[in-house]
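What follows is the residue order along each chain.
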Amino acid sequence: MTEDKKIFVCLVSNGVSDHLQASRQRKAITILQARNLPYVEVDGMNPDHRESRDELFSISGIRGNYPQFFFVHSNGATSYFGNFDRLEELNETLSIPKEVLDANPDIETWEKVFEDVVDSFY
């Protein structure tokens, strides 16, 4: 592991009415749980999470589109990771043969992106 530990944040909306967004949220959570990746869930519909939701919207520049994913770095900075498509693309890197990955070290993989994710800085 490198020194830049980070927390993965999943911004969802438990009241989203768009069927595609709702489906992608469920699938994203399933992927995260299947991969045993620790994450913090922020529910955009929860009034207690409104301030966090608005801060995350400000960082991504995208409002009202779920799910969205972020990293909170150990220095306190938050960065936008991407949307469901990016998460799904990384999840699919498990099927890339090792020899292809060895020959192409610049390919972004789940392991490379999430190797420093922790559930807490404490």
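In this report, we go over the structure that sits alongside the text. (Residues numbered from 1 in each chain as written. Predicted model: local features only at pLDDT ≥ 70, side-chain atom pairs only at ≥ 80, totals over all residues. Heavy atoms only, no water.)

1. Details of the pattern of salt bridges
No. 1: For the coordinates displayed, the defined rule picks out 6 salt bridges.
No. 2: Among the salt bridges present, the one from D54 reaches R63, with a minimum N-O distance of 3.7 Å.
No. 3: Judged by relative accessible area, D54 falls into the partly exposed class, the value being 30%.
No. 4: The class for R63 is exposed, based on a relative accessible area of 58%.
No. 5: Taken together, the shared-partner salt bridges in this structure form one network comprising R53, D54 and R63. (Salt bridge = Lys/Arg side-chain N within 4 Å of Asp/Glu carboxyl O. Buried < 20%, exposed > 50% of the residue type's maximum accessible area, 1.4 Å probe, protein only.)

2. Some thoughts on the packing of aromatic side chains
No. 1: Scanning the entire structure with this criterion turns up 11 aromatic pairs.
No. 2: Note on F8 and F114: the rings are 5.1 Å apart at their centroids and 80° apart in plane angle, and the pair reads as edge-to-face. With F8 in strand β1 (residues 6-12) and F114 in helix α5 (residues 110-114), this pair connects stretches of sequence that are 106 residues apart. Here F8 matches F114 in class, with each residue buried.
No. 3: Residues W110 and F114 carry aromatic rings whose centres are separated by 4.4 Å and whose planes lie at 50° to one another, so their mutual orientation is tilted. Highlighted residues: W110 and F114, both in helix α5, separated by 4 residues, approximately one helical turn.
No. 4: On the basis of relative accessibility, which here comes to 5%, the residue F114 falls in the buried class. (Phe/Tyr/Trp six-rings, centres within 6.5 Å; stacked < 30°, edge-to-face > 60°. Helix = DSSP H or I, 4+ residues; strand = E, 2+ residues; numbered from the N terminus.)

3. Quick notes on the packing of helix α1 (residues 19-34) against helix α3 (residues 84-91)
No. 1: The contact between α1 and α3 brings their axes to 11 Å, and the two run at 35°. Once α1 is placed against α3, the crossing between them reads as left-handed. Side by side, α1 and α3 meet where R24, K27, A28, I31 and L32 of the first sit next to F84, D85, L87, E88 and N91 of the second. (Axes fitted to C-alpha atoms, helices over the stretch in contact; angles between N-to-C directions. Left-handed = near helix turned anticlockwise from the far one by under 90°. Contact = heavy atoms within 4.5 Å.)

4. Here's the deal with the sheet that holds strand β2 (residues 40-43)
No. 1: Across the sheet, 4 strands lie side by side as β2-β1-β3-β4; this open sheet has mixed pairing. Of all strands in the sheet, those bounded by a partner on one side alone are β2 and β4 (78-83). Along the sheet, successive strands turn relative to each other by an average axial angle of 30°, direction set aside.
No. 2: Bridge count between β1 and β2: 4 bridges; the pairing is parallel. Within β2, the residue paired with C10 across the bridge is E41.
No. 3: Set on the sheet, helix α2 (residues 50-60) makes contact with β1, β2, β3 (68-73) and β4; between it and β4 the angle comes to about 75°.
No. 4: On the sheet, α3 packs against β1, β3 and β4 and is oriented at approximately 75° with respect to β4. (Pairing = 2+ DSSP bridges.)

5. Here we look at the pairing of β3
No. 1: The element β3 is extensively covered by neighbouring structure, given that 5 of its 6 residues are classed as buried.
No. 2: One ladder, built from 5 bridges, connects β3 with β4; its direction is antiparallel. For Q68, the partnering residue across the bridge sits in β4 and is N83.
No. 3: Counted between consecutive antiparallel strands, the loop separating β3 from β4 contains 4 residues, among which G76 sits at a positive phi close to 95°.

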